[in-house]
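Notes for the structure review
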Amino acid sequence: MEYRYPILVLVLAVLASGAYGSGLSACTTNDQCPDYNYCTEEGECTHNSFSTNWMDILCIVLMSFLACGTRAAGIGGGSFYMVILMGVMSFQQTQAVPISKVQIITSVLSAYVSIIRDIEPTTRKPLVNYDLSLLFLPAIFCATMLGVMINVFLPPFVALCLVPLVLGTSAYKSYKKGKSLQKKERADALLGSNSIQRFFTTSKIPLAQLPWSKILLIIGTFFVMLIVQLLRGSSDHPSLIGLDSCGYLAWGMFFGFFVVAYFVINYAINKLQEEERLEKGIKPTDPTPIFWSHSRCWKTTMIAATCGILSGALGIGGAVVIQPILLFLDQTPEVAHATAAFIVLFTCIGTLTQYLILGLVKLDWAITFGIGTLIGSQIAINFIFDRLRKSGKQSVMVLISAFFVCLAMFIWIPTSINALVERQANGEDIWAFRPMC
């Protein structure tokens with residue numbers, strides 16, 4: 001039994017080694033296309049429609065298992081879904097990305113709906129930390145846009161060097177946090193006391209009492225970002241109104257959104273400080289220090305921006321980075337799970353919307369795998385996660401998260417090496433810096 005996890009890592013890594021090849025885009029006959037693909041009249045390889053053969057059913061079952069494990073770990077699971085979609089099902093990247101986004105959205109949305117009314121026992125506030133979300137998301141929106149531009153500029157080999165470092169650091173930090181919690185839990189058990197606050201509660205907050213002003217501000221900022229992205233376009237996604245993505249107007253819209261985000265963040269800081277003073281009975285002129293000081297708020301915003309740049313520049317998923325950062329900010333594991341799901345929901349919807357508008361989503365596969373992911377996620381939420389919450393063993397949640405982040409790192413390395421070798425074989429210089437436009 002002690003060998004099952006290394007063997008699982010090895011099997012998935014070998015499977016991943018063929019996952020992210022560019023595939024054949026041009027063709028004249030079906031034989032020139034990968035398995036499960038056919039040649040269209042336009043001379044392009046595209047994936048077959050969903051059928052009920054044994055391979056399709058097996059992949060749906062596998063997706064459900066992956067969804068169950070990644071949801072229990074509190075991450076979206078995009079890295080694992082992409083391995084199955086591209087390595088096993090032979091989807092090309094432009095087809096696999098939106099399908100994986102549908103799966104992630106299904107997973108995190110089902111998690112968010114299940115805990116939207118849950119209360120964090122110690123603070124008696126919603127389990128999702130909307131204060132942190134309000135500071136995080138505008139910064140992440142801006143930083144992700146900047147990170148994508150950095151990704152275009154940097155040599156491809158840079159990601160190969162940096163992604164394992166980022167994922168390894170995230171896994172290590174999560175592991176240390178989990179072991180620290182586990183040590184406290186064991187000491188608590190020996191003392192026969194309950195010094196560690198159990199985080200299960202049957203109390204629910206009415207929907208009307210949720211901080212809707214903060215939620216609506218986040219949604220409004222998200223829609224502004226989405227409109228800017230769709231109008232200015234990029235090298236991969238052309239502008240909806242035909243703008244040159246490197247033209248003056250496109251750059252003006254790009255930096256204009258940064259100004260909008262700055263004002264949103266300033267408004268959020270003032271609102272958080274006002275609410276805290278009101279809650280503690282502190283007057284605005286009172287020099288008494290408060291938790292949400294300007295320095296703390298801007299430090300939190302800079303941490304969120306770093307997360308967004310890493311996500312955009314290196315192409316790694318949101319929750320894999322966001323959840324360890326939330327744990328680093330002293331959020332409890334259940335709050336980190338819930339808040340990461342809320343944040344990732346917006347980032348994935350933004351990407352999926354662009355693919356939908358361009359007609360690049362194979363809806364039959366997206367819906368089918370989305371249903372499989374929903375089943376796996378509900379199993380994790382109603383059995384695994386619920387049992388962990390009732391037991392009060394927060395360390396198990398963090399250690400599961402560390403394991404899956406580490407697994408994602410081991411999958412990513414052979415995947416990226418294979419992709420880089422293939423790109424170099426096709427004549428691309430993977431060592432050179434590239435122009436942004």
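These remarks concern the structure in this document.

Bringing the overall build of the protein into the picture now. The secondary structure content of the protein amounts to 13 helices and four strands. Classification of the 437 residues of the protein by burial places 50% in the buried group. Approximately 21,200 Å² of the protein is accessible, and the part contributed by carbon and sulfur atoms is 65%.

The first and last C-alpha atoms of helix α7 (residues 212–232) sit 30 Å apart over 21 residues, in line with the 30 Å expected at 1.5 Å per residue. Among the residues of α7, those classed as buried are Lys214, Ile215, Ile218, Thr221, Phe222, Met225, Leu226, Val228, Leu230 and Arg232. Immediately downstream of α7, the backbone of Gly233 shows phi near 70°, a positive value.

In this structure, Thr373 sits in helix α12 (residues 363–391). Judged by its relative accessible area of 0%, Thr373 is buried. A polar contact is formed between the side chain of Thr373 and the side chain of Gln103, at a distance of 3.1 Å. Leaving out residues up to four positions away in the same chain, Thr373 has contacts with Ala67, Tyr81, Gln103 and Ser107.

This next bit is on the packing of helix α3 (residues 78–88) against helix α13 (residues 394–425). The interhelical angle for the contact between α3 and α13, taken along N-to-C directions, is 40°, at an axis separation of 9 Å. Overall, the two elements α3 and α13 adopt an arrangement that is oblique. α3 and α13 meet at a crossing whose hand is left-handed. Counting all contacts with α3, which are made through Ser79, Phe80 and Val83, the residues of α13 involved are Phe404, Leu407, Ala408 and Ile411. Residue classes in the contact of α3 with α13 are distributed as six nonpolar, one polar and no charged.

As a further point, take a nonpolar patch on the surface. Side chains of Leu356, Leu363, Ile367, Ile371, Ile375, Ile379, Phe383 and Ile384 sit close together on the surface and give an oily, nonpolar patch of about 750 Å² of accessible area. Here the element with the most residues in the nonpolar patch is α12; it accounts for seven residues. Note on Ile371: relative accessible area 48%, which makes it partly exposed.

Where helix α5 (residues 130–153) contacts helix α9 (residues 294–314), the two axes come as close as 6 Å, and the packing angle between them is 35°. For the pair α5 and α9, the crossing hand works out as right-handed. Packed against α5, whose contacting residues are Leu132, Leu135, Phe136, Ala139, Ile140, Ala143, Thr144, Leu146, Gly147, Val148, Ile150 and Asn151, the element α9 presents Cys297, Thr300, Thr301, Ala304, Ala305, Gly308, Ile309, Gly312 and Ala313 at the interface. Looking at the contact of α5 with α9 residue by residue, the classes come out as 14 nonpolar, seven polar and no charged.

The subject of this paragraph is the pattern of salt bridges. All told, the structure shown has four salt bridges when counted by the stated rule. In this structure, Asp131 and Lys214 form a salt bridge, with 2.4 Å as the shortest nitrogen-oxygen distance. Of this pair, Asp131 sits in helix α5 while Lys214 sits in helix α7; the two residues are 83 residues apart in sequence, bridging distant segments of the chain. Across the pair, exposure class does not vary: Asp131 and Lys214 are buried alike. A salt bridge links Glu276 to Lys280; its shortest N-O distance comes to 2.8 Å.

Evaluation of the coordinates by the stated rule reveals 17 aromatic pairs. Summarising the aromatic geometry, the rings of Tyr112 and Phe342 are spaced 5.2 Å apart at their centres and angled 40° between planes, so their arrangement reads as tilted. Of this pair, Tyr112 sits in helix α4 (residues 93–115) while Phe342 sits in helix α11 (residues 333–357), and the two are 230 residues apart along the sequence. Judged by centre distance (5.1 Å) and plane angle (45°), the ring pair of Phe254 and Phe258 falls under tilted.

In this fold, Ala341 is placed in helix α11. Taking relative accessible area as the criterion, Ala341 reaches 4% and is therefore assigned buried. Sequence-distant contacts of Ala341, defined by excluding residues within four places in its chain, comprise Arg71 and Val108.

Rules used in this analysis
- Residues numbered from 1 in each chain as written.
- Predicted model: local features only at pLDDT ≥ 70, side-chain atom pairs only at ≥ 80, totals over all residues.
- Heavy atoms only, no water.
- Helix = DSSP H or I, 4+ residues; strand = E, 2+ residues; numbered from the N terminus.
- Buried < 20%, exposed > 50% of the residue type's maximum accessible area, 1.4 Å probe, protein only.
- Areas by Shrake-Rupley, 256 points an atom, 1.4 Å probe, with all protein chains shown as cover.
- Expected span 1.5 Å × (residues − 1).
- Polar contact = N/O pair within 3.5 Å; in protein donor to acceptor, adjacent residues only side chain to side chain.
- Contact = heavy atoms within 4.5 Å.
- Axes fitted to C-alpha atoms, helices over the stretch in contact; angles between N-to-C directions.
- Parallel < 35°, antiparallel > 145°, perpendicular 65-115°, else oblique.
- Left-handed = near helix turned anticlockwise from the far one by under 90°.
- Nonpolar A, V, L, I, M, F, W, Y, C, P; charged D, E, K, R; others polar.
- Patch = residues over 30% accessible without salt bridge, like charges linked within 9 Å, V, L, I, M, F, W, Y side chains within 5 Å.
- Salt bridge = Lys/Arg side-chain N within 4 Å of Asp/Glu carboxyl O.
- Phe/Tyr/Trp six-rings, centres within 6.5 Å; stacked < 30°, edge-to-face > 60°.

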